[in-house]
Amino acid sequence: MPSAPVRSAQVCSLTAACLCTLPAHAQLFVEPGIEVLTTLVEENPGDSFGFVAESLGDLDGDSTPDYIVGAPGFPAGASSGKVYVYSGATGALLNAIEGSPGDALGFSVVGLGDVDGDQVPDYATGGPFADGVQAFGRLI
């Protein structure tokens with residue numbers, strides 16, 4: 001006897017229940033043999049840390065690509081936004097830039113390559129609400 005079809009609402013409820021009941025120490029990867037190299041944690045709950053991330057190339061000269069992570073909600077409530085640049089080899093913080101209140105800096109990030117010819121990759125980050133005007137933003 002064939003089973004009854006599963007309704008999408010049932011699947012969503014089951015998925016939500018499974019996601020909500022994961023223990024705090026659970027790994028997100030289910031594939032065997034995955035090794036977590038670095039764990040990054042937001043400064044404050046609600047920062048939207050990890051909203052976007054991008055590989056930048058090797059900024060610190062260690063032959064390993066570094067990366068940038070946006071947190072447009074930093075600090076929670078003020079939404080100044082903040083971006084963090086990390087070493088791809090060690091996970092060490094290489095640079096951090098904080099926006100002005102309401103900017104939402106870190107809403108977008110991008111590696112630009114070596115724009116100025118100094119042999120170091122450049123990057124940009126956007127804040128769509130810079131200067132209080134949506135869509136104009138500010139590029140740092």
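Residues numbered from 1 in each chain as written. Predicted model: local features only at pLDDT ≥ 70, side-chain atom pairs only at ≥ 80, totals over all residues. Heavy atoms only, no water.

## Thoughts on the pattern of salt bridges
Right, so step 1: A full pass over the atoms with the stated rule returns one salt bridge.
Right, so step 2: A salt bridge links Glu-43 to Lys-82; its shortest N-O distance comes to 2.8 Å. On the criterion of sequence distance, the pair formed by Glu-43 in the loop between helix 1 (8-20) and strand 1 (52-57) and Lys-82 in strand 3 (residues 82-86) is long-range, its members being 39 residues apart.
Right, so step 3: By relative accessible area, Glu-43 is classed as partly exposed at 43%. (Salt bridge = Lys/Arg side-chain N within 4 Å of Asp/Glu carboxyl O. Helix = DSSP H or I, 4+ residues; strand = E, 2+ residues; numbered from the N terminus. Buried < 20%, exposed > 50% of the residue type's maximum accessible area, 1.4 Å probe, protein only.)

## Thoughts on the nonpolar core
Right, so step 1: Of all hydrophobic cores here, the largest spans eight residues; its members are Leu-56, Ile-68, Val-83, Val-85, Ile-97, Leu-105, Val-109 and Tyr-123.
Right, so step 2: With six residues, the next largest nonpolar core counts Phe-49, Val-69, Phe-74 and Tyr-86 among its residues. (Core = buried A, V, L, I, M, F, W, Y, C linked by side-chain atoms within 4.5 Å.)

## Here we look at the sheet that holds strand 2 (residues 66-71)
Right, so step 1: Spatial ordering of the open sheet is given by 1-2-3-4, a layout of four strands whose pairing is antiparallel. Edge positions in the sheet fall to strand 1 and strand 4 (93-98), since each has one partner strand and no second. Mean inter-strand twist for the sheet, computed between neighbouring axes without regard to direction, equals 20 degrees.
Right, so step 2: As defined by bridge partners, strand 1 adjoins strand 2 across five bridges and the pair is classed as antiparallel. Each residue of the ladder has a partner; that of Glu-54, found in strand 2, is Ile-68. (Pairing = 2+ DSSP bridges. Axes fitted to C-alpha atoms, helices over the stretch in contact; angles between N-to-C directions.)

## Here we look at the side chain of Asp-47
Right, so step 1: Secondary-structure assignment places Asp-47 in the loop between helix 1 and strand 1.
Right, so step 2: No salt bridge is formed by the buried Asp-47, whose closest oppositely charged neighbour, Lys-82, lies at an N-O distance of 7.7 Å.
Right, so step 3: For Asp-47, the residues in contact, after removing those within four places along its chain, are Glu-42, Ala-71, Pro-72, Gly-73, Phe-74, Pro-75 and Ala-76. (Lys, Arg positive; Asp, Glu negative; His and termini not counted. Contact = heavy atoms within 4.5 Å.)

## A few points about the pairing of strand 6 (residues 122-126)
Right, so step 1: Across the five residues that make up strand 6, a large majority, five, are buried.
Right, so step 2: Both faces of strand 6 are covered, namely the face carrying Asp-122, Ala-124 and Gly-126 and the face carrying Tyr-123 and Thr-125.
Right, so step 3: Pairing of strand 5 (residues 108-113) with strand 6, which is carried by five bridges, proceeds in the antiparallel orientation. Looking at strand 6, one finds that Gly-111 is bridged to Tyr-123.

## Quick look at the confidence of the model for the protein chain
Right, so step 1: Taken residue by residue, the protein chain gives an average pLDDT of 78. The fraction at 70 or more is 71%.
Right, so step 2: Every residue in residues 1-26 scores below 50 in pLDDT, and together they form two contacts with partners more than four places removed in sequence or on other chains. (pLDDT = per-residue confidence, 0-100.)

## Points about a nonpolar patch on the surface
Right, so step 1: Judged by side-chain polarity, Val-110, Leu-112 and Val-115 come together as a nonpolar surface patch covering roughly 250 Å² of accessible area.
Right, so step 2: Along the polypeptide, Val-115 turns up in the loop between strand 5 and strand 6.
Right, so step 3: The class for Val-115 is exposed, based on a relative accessible area of 58%. (Patch = residues over 30% accessible without salt bridge, like charges linked within 9 Å, V, L, I, M, F, W, Y side chains within 5 Å. Areas by Shrake-Rupley, 256 points an atom, 1.4 Å probe, with all protein chains shown as cover.)

## Comments concerning the side chain of Asp-122
Right, so step 1: Within the secondary structure layout, Asp-122 lies in strand 6.
Right, so step 2: Engagement of the side chain of Asp-122 in a polar contact is seen with the backbone nitrogen of Asp-116, the distance being 3.3 Å.
Right, so step 3: Excluding anything up to four places from it in sequence, Asp-122 contacts Gly-111, Leu-112, Gly-113, Asp-114, Val-115 and Asp-116. (Polar contact = N/O pair within 3.5 Å; in protein donor to acceptor, adjacent residues only side chain to side chain.)

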